[in-house]
Amino acid sequence: MKENKNLGINTICTHVGEVKDEQFKGAVSPIYMSTSYAFDNVDVKRYPRYFNTPNQEMLCKKIAALEKTENALIFGSGMAAVSTTLLAFLHKGDHIVLQQTLYGGTYNFVVEEFDKFGIEYSFTQDLSIESFQKEIKPNTKVLYIETPSNPLLTITDMKAISGLAKENGIVTMIDNTFASPINQTPIDFGVDIMLHSATKYMGGHSDVLAGAVAASNLHIDLIWNVAKNLGGSLSDFTVWMLERSLKTMNLRVKRQSKNALKMAKYLEKNAKVSKVYYPGLKSHPDYQLAKKQMKNFGGMLSFELCDGVNSMDFMNALQLIKPSMSLAGIESTMLSPTQTSHALLSPEERAQQGIKDGLIRFSVGIEETKDLIADIEQALDSLQ
Ligand SMILES: *Cc1c(COP(=O)(O)O)cnc(C)c1O
């Protein structure tokens, strides 16, 4: 497809970035598994670690179209995308400001690796623009945000933060995994670089590990220069799996978002639930901001059970909803952040981030909500 402008979202998902099967006219993209390509007639040297096989190049067009950027790159994991991109923009002596609530892997990468490279970092006190401003130094090169955040679904003001960055000649990066480009396109709010764990909503079936970054040609060239050295590319079979997944991303994520809103409203009314965190609820402190910058509120929510209802017992009693580490698959899953994603933090650090021991994170799938509700009811009843 030559011209992507004005195409609707489902058309982009289905068609942009197809690899044409000129020889046999098959309906779907052929997979090019070659690690070796002739160099006659081509100015690009094709090689999987150069991120430029036919499948890689074409899938990047779909991701760029979804994020409304000029270009994109795909990686072997979300962390490969995050680490490569950060190292492309931060040199020895540079400084980065990161928001306080971050995906655990990103937090670990920063605190465990940056000292080796002589890169300075600060975390904000909270998500207010003042707390970002306070941390900016003359050598700050990047502001890094994640909205909605994990696991409490707090919302960061993308326009305010990217505006602050621009005033100071700083690049803004966002981890857009939780919203996906279906629910939020940060470039509309001035954010420069969009990062994804494609393992989550882009893959959507809990069977692909991948990452992506979307940005301008200039920024993607910078990232590519580091990416080819770090070597975090992914196999073309996985690229093909991801292409197939992206075709249904809008349908899946819309349905998951609709289901999550229904489940959030149901849980809010449940007498055995003391608190629900979902940006689509009017009771959420960031509801107005979420409405401004998100199209739907996403498929993730979290909640706390009332005192006396043990969250581990509750999750063990579920029959349909699976206890599971990862998120964003078409199947509903739950986990305890204290036991899993945030287990490495001290109880004090968790308390500082507002994560109580009984908190349950709920990744809502595409099932019928009546069946999800019935499962939650039977699990709660069994604990009497
Ligand atoms: C899972 C996740 C990552 C890391 O992605 P991997 O594919 O596991 O490497 C980064 N950010 C967020 C928000 C995630 O949920």
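Predicted, not measured: the structure shown is a model, and the values here were computed from it.

(A) A look at the side chain of aspartate 175. By secondary structure assignment, the location of aspartate 175 is in strand E5 (residues 171-175). Although aspartate 175 is buried, it forms no salt bridge, and the closest oppositely charged side chain is lysine 200 at an N-O distance of 7.5 Å. Within polar-contact distance, the side chain of aspartate 175 engages the side chain of threonine 177 at 2.6 Å. Not counting residues within four places of it along the chain, the set of residues in contact with aspartate 175 comprises Tyr103, Tyr144, Ile145, Glu146, Thr147 and Leu195.

(B) Quick look at the sheet that holds strand E12 (residues 359-363). With mixed pairing, the 5 strands of this open sheet are ordered in space as E8-E9-E12-E11-E10. With partners counted over all chains shown, the strands left at the sheet margins are strand E8 (273-277) and strand E10 (322-323), one partner each. Where strand E11 (residues 333-335) lies against E12, 3 bridges are found, and the strand directions are antiparallel. Counterpart to methionine 334 in the pairing with E12 is phenylalanine 362. Those strands touched by helix H10 (residues 249-269) are E8, strand E9 (300-305) and E12, and its axis lies near 15 degrees from that of E9.

(C) Quick peek at the domain arrangement of the chain. Taken domain by domain, the chain consists of domain 1 (4-246) and domain 2 (251-382). The distance between the C-alpha centroids of domain 1 and domain 2 comes to 26 Å. Listed per partner, the contact involves 34 residues of domain 1 and 40 residues of domain 2. Summed over both partners, the interface of domain 1 with domain 2 buries about 3000 Å², with 55% contributed by carbon and sulfur atoms. A per-residue breakdown of the area domain 1 buries against domain 2 is headed by Leu152, Asn183 and Tyr201, which together make up 26% of the total.

(D) The arrangement of the pairing of strand E7 (residues 211-215) in detail. With 5 of 5 residues buried, E7 lies mostly within the body of the structure. Burial along E7 is two-sided: Gly211, Val213 and Ala215 facing one way and Ala212 and Ala214 facing the other are all buried. Judged from the 5 bridges that link them, strand E1 (residues 71-75) and E7 form a sheet pairing that is antiparallel. Bridge pairing links asparagine 71 to alanine 215 in E7. Bridge count for strand E6 (residues 193-197) against E7 is 4 bridges, and the pairing is antiparallel.

(E) Expanded view of a nonpolar patch on the surface. A grouping of Ile31, Met33 and Phe237 is seen on the molecular surface, where their side chains present a nonpolar patch of about 270 Å² in accessible area. Within the secondary structure layout, phenylalanine 237 lies in helix H9 (residues 236-247).

(F) Inspection of the sheet that holds E6 at higher detail. Within the open sheet, the 7 strands sit side by side as E1-E7-E6-E5-E4-E2-E3. Their pairing is mixed. Single-partner strands in this sheet number two, and they are E1 and strand E3 (120-123). Adjacent strand axes in the sheet meet at a mean angle of 20 degrees when their direction is disregarded.

(G) Geometry of the side chain of serine 122. On the secondary structure map, serine 122 appears in strand E3. At a separation of 2.6 Å, a polar atom in the side chain of serine 122 contacts the side chain of histidine 95. What serine 122 contacts, discounting residues up to four positions off in sequence, is His95, Ile96, Val97, Leu98, Glu135 and Lys137.

(H) Just the pairing of E5, in detail. With 5 of 5 residues buried, E5 lies mostly within the body of the structure. With burial as the criterion, each face of E5 is covered, one bearing Val171, Met173 and Asp175 and the other bearing Thr172 and Ile174. When strand E4 (residues 140-146) meets E5, the two strands line up parallel, connected through 5 bridges. Bridge pairing in E5 places isoleucine 145 opposite isoleucine 174. As judged from the 3 bridges shared by E5 and E6, these two strands associate in the parallel manner. Residue pairing across strands places isoleucine 174 opposite methionine 194, the latter belonging to E6.

(I) Quick look at H9. In this model, H9 (12 residues) spans 17 Å end to end at C-alpha, consistent with the 16 Å of a helix rising 1.5 Å per residue. Within H9, the full set of buried residues consists of Asp236, Val239, Trp240, Met241, Leu242, Glu243, Ser245 and Leu246. For H9, the elements touching its buried residues are helix H1 (9-15), helix H2 (54-67), E1 and H10. With a side-chain oxygen lying 3.1 Å from the backbone nitrogen of phenylalanine 237, the N-terminal cap of H9 falls on serine 235.

About the thresholds
Residues numbered from 1 in each chain as written. Predicted model: local features only at pLDDT ≥ 70, side-chain atom pairs only at ≥ 80, totals over all residues. Heavy atoms only, no water. Helix = DSSP H or I, 4+ residues; strand = E, 2+ residues; numbered from the N terminus. Buried < 20%, exposed > 50% of the residue type's maximum accessible area, 1.4 Å probe, protein only. Lys, Arg positive; Asp, Glu negative; His and termini not counted. Salt bridge = Lys/Arg side-chain N within 4 Å of Asp/Glu carboxyl O. Polar contact = N/O pair within 3.5 Å; in protein donor to acceptor, adjacent residues only side chain to side chain. Contact = heavy atoms within 4.5 Å. Pairing = 2+ DSSP bridges. Axes fitted to C-alpha atoms, helices over the stretch in contact; angles between N-to-C directions. Domains from an automatic or database assignment. Buried area = accessible area lost by both parts, 1.4 Å probe. Patch = residues over 30% accessible without salt bridge, like charges linked within 9 Å, V, L, I, M, F, W, Y side chains within 5 Å. Areas by Shrake-Rupley, 256 points an atom, 1.4 Å probe, with all protein chains shown as cover. Expected span 1.5 Å × (residues − 1).

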